[in-house]
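Single-letter residue listing:
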Amino acid sequence: MKTKKAYILAFCALAMPAMVMSENDETVSRAAYDSLLRRVEAIENAQRGGETAHAGCCDAIDGQTGATRGNRGEKHDTGKKKKSKVVLGFNKEYKDNEDFTKFRVGGYGEMVASYMDYGPNRFNAPYGNYREEKGRISIPRFVLAGDYKFNHWFQLGAEIEFESGGTGSTYEYETGTGSENGEAEFEVEKGGEVALEQFHITATIFRELNVRAGHIIVPVGLTNYRHEPVNFFGTRRPEGETKIIPSTWHETGLELFGSIGKGWYDFDYQLQIVTGLTADEFDRYEFVGVAKQGIFEEDNFSCPAYVARLNYNGVPGLRVGGSWYYLRDAGKNAIKPYKYYSLSLPVRLYSADAEYKNKYVTARANFLYGNVGNVDKLAKTAGFTGAKYTPIITSPSGMLSGTIPYHEAVSYAGEVGINIGAFIPSKKPVKIMPFARYEYYNPQWKDDVKTSDPRTEVAMWTVGINWFALPNLVIKADWTTRHFGTDNPFRDNGYVVKGTKINTENDLSIGIAYVGWFAKK
């Protein structure tokens, strides 16, 4: 209707000078003409504002670059223009809801220095690591992140991770009288990693249903879901989940996500179909933690994996979530799938986690269970024989060696931090959080024979303190102790060989971590 009025007024305004019959009427007619033009422009501006407000009501959909999750947006008045609130995953902790209209660039990173009393490899001897006092300093990761809005409906998100300082390489020209005289060699000189952690296009449809395609985070476990360094206590990521499943876990595929309900019945969900793990990288000591594809230019998509996550957010300060991962046959994603044609190697992962936060306390808990099917048949094909595949290849300690995983793995943990700054009277908020964390994990939790290695069963305590110098910058210090062959870190360690006790591992660490946006428009 407004469009019709604009056309009528425009016609009248343009026809007005033609109806001027006398020179004395020219001034009055010109003024009327200008008045009508101003009214037409006002109507057109009002139309444009209404259309923008209507499109803007969909922009509160979560199009984060970090750990993917559903929208927590609210309904908006369509008669008023609303700026978008596309929130990065690493903003979930410190409530950085800054709007942007076209693009933004940011990132996160962490630095850690540690003192340790143990050697580099606990599996070199039955008693575990030998005693060795040493110091280490590292940059575990530096991540550059960015978002770009094509329009109200489509958005590009990307993250590039530089792990342990990145990688380096060089060409070396051999000289001398040896066999390599005059040869040029390409050598890797630095042991870090550069990885495209995320690269995806998000289509924001409406609150309940949105689509994301590309390289995305797999939200299995608490650490993958909230992997940014301001979102966990301690100088390093919680250890249990990272020893059983990939972390940070990112795959290429398609995702549907959104939010359902409101108030006490507020849920968000994610459904994914992504590239699956490969049986070539199963590991006895890390379960499927290093079984991601990615060593070649293209990943095998012969047998994709299915992922689901559901979070409940109805209680203020509380989030309870769970995730599920299913891969029908990891052997089909191998470099040489024919090696596993006689087998079916399904992978199932289940996780549950919870987090509660208020002004005074932050508490988290998580549980992860993993299962790989038919590992007994896999062990036989790899050279293990007998009704219970009695090992014919063993390590010096008598344990099964090689890359055959155990049937089941488990990890669980809990941590709590108290904000003592909330009890200190101050005009400016202070956040100082001493914390304690307990973790248990075992990548060889259960199988058909008694060949599990006690050195893989770990119970550990971490105690420390976090000082948030800024909402998005935290300084950390902690102490960790690990005990082996037991689920109780206050009890004596288990044994590999009778009479041989496994040494504990202790380290003291300090670190600094940050997350934030550097530029936006």
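Rules used throughout
Residues numbered from 1 in each chain as written. Predicted model: local features only at pLDDT ≥ 70, side-chain atom pairs only at ≥ 80, totals over all residues. Heavy atoms only, no water. Helix = DSSP H or I, 4+ residues; strand = E, 2+ residues; numbered from the N terminus. Core = buried A, V, L, I, M, F, W, Y, C linked by side-chain atoms within 4.5 Å. Buried < 20%, exposed > 50% of the residue type's maximum accessible area, 1.4 Å probe, protein only. Contact = heavy atoms within 4.5 Å. Pairing = 2+ DSSP bridges.

A.B. asks: Honestly, unusual backbone geometry in this entry has me stumped. Any pointers?
C.D. replies: Among all residues except glycine, the phi angle is most often negative; among peptide bonds, the trans geometry is most common. The peptide bond linking Ser-247 to Thr-248 adopts the cis configuration, its omega dihedral lying at -10 degrees. Counting through the fold element by element, Thr-248 comes out in the loop between α4 (239–242) and β6 (250–260). Non-glycine residue Phe-287 carries a positive phi angle of around 55 degrees. Its identity is not glycine, yet Asn-374 carries a phi of approximately 60 degrees, on the positive side. Among the secondary structure elements, Asn-374 is positioned in the loop between β11 (361–372) and α5 (375–381).

A.B. asks: Can you walk me through the nonpolar core in this structure?
C.D. replies: Note on soluble globular proteins: their nonpolar side chains tend to be buried together. Ranked by size, the top nonpolar core spans 35 residues in total, and within it Val-220, Phe-282, Tyr-325 and Val-347 carry the most contacts. Sorting the residues of this core by element identifies β8 (305–312), β9 (318–327), β10 (347–357), β11, α5 and β14 (458–470) as the ones contributing at least two each. In contact with Tyr-325, other than residues within four places in its own chain, are Val-220, Trp-249, Gly-276, Leu-277, Ala-305, Tyr-306, Val-307, Val-347, Arg-348 and Leu-349. Ranked by size, the runner-up nonpolar core spans seven residues in total, among them Val-143, Val-230, Phe-468 and Val-515.

A.B. asks: Any chance you could explain the pairing of strand β16 (residues 505–520) here in plain terms?
C.D. replies: Every other side chain in a regular strand lies on the same face of the sheet, so the side chains alternate between the two faces. In terms of strand pairing, strand β1 (residues 103–118) meets β16 through 13 bridges, oriented antiparallel. Of the residues in β16, the one forming a bridge with Tyr-115 is Leu-508. By the bridge criterion, ten bridges tie strand β15 (residues 473–484) to β16 in an arrangement that is antiparallel. Looking at β16, one finds that Lys-476 is bridged to Gly-511.

A.B. asks: Teacher, can you tell me more about the environment of Ala-145 here?
C.D. replies: Within the element layout of this structure, Ala-145 appears in strand β2 (residues 131–149). Measuring from C-alpha to C-alpha, the distance between Ala-145 and Ala-158 comes to 5.7 Å, with 13 residues separating the pair along the chain.

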